[in-house]
Amino acid sequence: MTQEKKDFLTLHFIVLIWGFTAILGLLIDIPSVEVVFFRTLISAVGLWIVLKFWKRSLAIHSSKHFWIILGTGVLIAAHWILFFLSARISNASVCLAGMATCSLWTSLIEPLSQGRKIKGFEVLLSIIAFIGIGVIFNVEFDYLSGLLTAVLSAFIASVFTVINGRLTKTYDPYVITFYEMIGACLATVLFFPLYTGFFVDALVLNPTLEDWFYLSVLAIVCTVYAYSISVELMKRLSAFSINLVVNLEPVYGIILALIIFGDSEEMSPGFYLGTLLILTSVLLYPLLNRRYKKKALSTDIIR
């Protein structure tokens, strides 16, 4: 098995784990902002312990890169808050479906950030995924606010994925994740005054024993493990290819949600048609990308 195939199999496993995050967000009773605070706090502490055990250096040699990594953490906090909020105001299935627009944003942002041409087939596949979102939107109009919240969350995710793709060329993925979790946690804490002043009367910082269990799974499995591995995969896979596979998160998540929540997650046939379009865009990518590489290679040989 080639390294690329191993990387994509690992990525699919990571996306399966992420498909469970929206479900965990619904199982946890405390509000979305507090969920992100505890998730990032537990993740930062867990990563510190792991890195100390491995005796890895926590040094970031460039002060510019240090602030970029912390700033990326702010984006991650905003992404997660919107993600969990979307699941709360709609349901897990709609939230995960909205995240499928991530590849569309990445197909535009990644080439612009690298100064390269936009690949037509990437945009085409993103449009197919976006049409899938449109089908879902048309048949599930009642969930408009949840869907739009998830789409905004997806846009933010595409931005920090592109940033991380560049950072992994210089720093250890686990060290990057450690500082990003610190940045996300600090950003959430700084958001608390605004949050309590305009959105809620008081913070809910007393999770139940059951909440602590789900928060620990969310932090250790879905973040310390899954997020760090995804950052490491960015050394070898493009941000677009990663985010396109992440489009499968709704498929995995919907299956898990149906198993766990049953009737409350059942959607109309149009919803599943939209999800099928998203799945189609994911399956077509490796075929079209391989053809693109062969064409580019043959062009170089002719030159």
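What you are looking at is a predicted structure, and each value in this text was computed from that prediction instead of being measured.

1. Structural notes on the confidence of the model for the chain
For step 1, the next point in the chain: Of the residues in the chain, 88% have a pLDDT of 70 or more, and the chain-wide mean is 82.
For step 2, the next point in the chain: For the chain, per-element mean pLDDT is lowest for helix α13 (residues 269-302), which scores 69, and highest for helix α3 (residues 32-53), which scores 93.

2. What to know about unusual backbone geometry
For step 1, the next point in the chain: A positive phi is found at K55, a non-glycine position, where the angle reads about 60°.
For step 2, the next point in the chain: Tracing the sequence through the fold places K55 in the loop between α3 and α4 (63-89).
For step 3, the next point in the chain: What makes K55 exposed here is its relative accessible area of 76%.

3. Considering the side chain of N164
For step 1, the next point in the chain: Among the structural elements, N164 can be located in helix α8 (residues 144-167).
For step 2, the next point in the chain: Residue N164 is classed as buried on the basis of its relative accessible area of 0%.
For step 3, the next point in the chain: The residues contacting N164, other than those within four sequence positions of it, are T72, I176, E180, Y227, V231 and M234.

4. Considerations on the side chain of T223
For step 1, the next point in the chain: Tracing the sequence through the fold places T223 in helix α10 (residues 209-233).
For step 2, the next point in the chain: T223 gets classed as buried once you look at its relative accessible area, which sits at 0%.
For step 3, the next point in the chain: Every residue in contact with T223, bar those within four places of it in the chain, is listed here: R39, S43, W80, M181, L218 and S228.

5. So, the packing of aromatic side chains
The geometry of two aromatic rings is summed up by the distance between their centres and the angle between their planes.
For step 1, the next point in the chain: What the rule picks out here adds up to 14 aromatic pairs.
For step 2, the next point in the chain: Considering the side-chain rings of F38 and W212, the 5.2 Å spacing of their centres and the 75° angle between planes classify their relative orientation as edge-to-face. A residue pair is termed long-range when its members are at least 10 positions apart, and F38 in helix α3 and W212 in helix α10 qualify at 174 residues.
For step 3, the next point in the chain: Of the residues examined, F38 reaches a relative accessible area of 6% and is grouped as buried.

What counts, and at which threshold
Residue indices follow the written sequence of each chain, beginning from 1 at its first position. A pLDDT threshold of at least 70 governs which residues receive local features in this predicted model, and a stricter bar of 80 or more applies before side-chain atom pairs are shown or counted, although totals over entire chains, interfaces and linings include all residues. Heavy atoms throughout the structure, all of them, feed into the side-chain values; hydrogens and water do not. The pLDDT value tells you how sure the predictor is about a given residue, anywhere from 0 up to 100. Secondary structure is summarised from DSSP: a helix means a run of H or I of at least four residues, a strand means a run of E of at least two, and numbering begins at the N terminus for each. Between buried and exposed lies partly exposed: a residue is buried under 20% and exposed over 50% of the maximum accessible area for its type, with that area taken using a 1.4 Å probe on protein chains only. Here, two residues are considered to be in contact whenever any of their heavy atoms come within 4.5 Å of each other. Any pair of Phe, Tyr and Trp rings, taking the six-membered ring for Trp, is counted once the centres come within 6.5 Å. Such a pair is stacked with planes under 30 degrees apart, edge-to-face with planes over 60 apart, and tilted for the rest.

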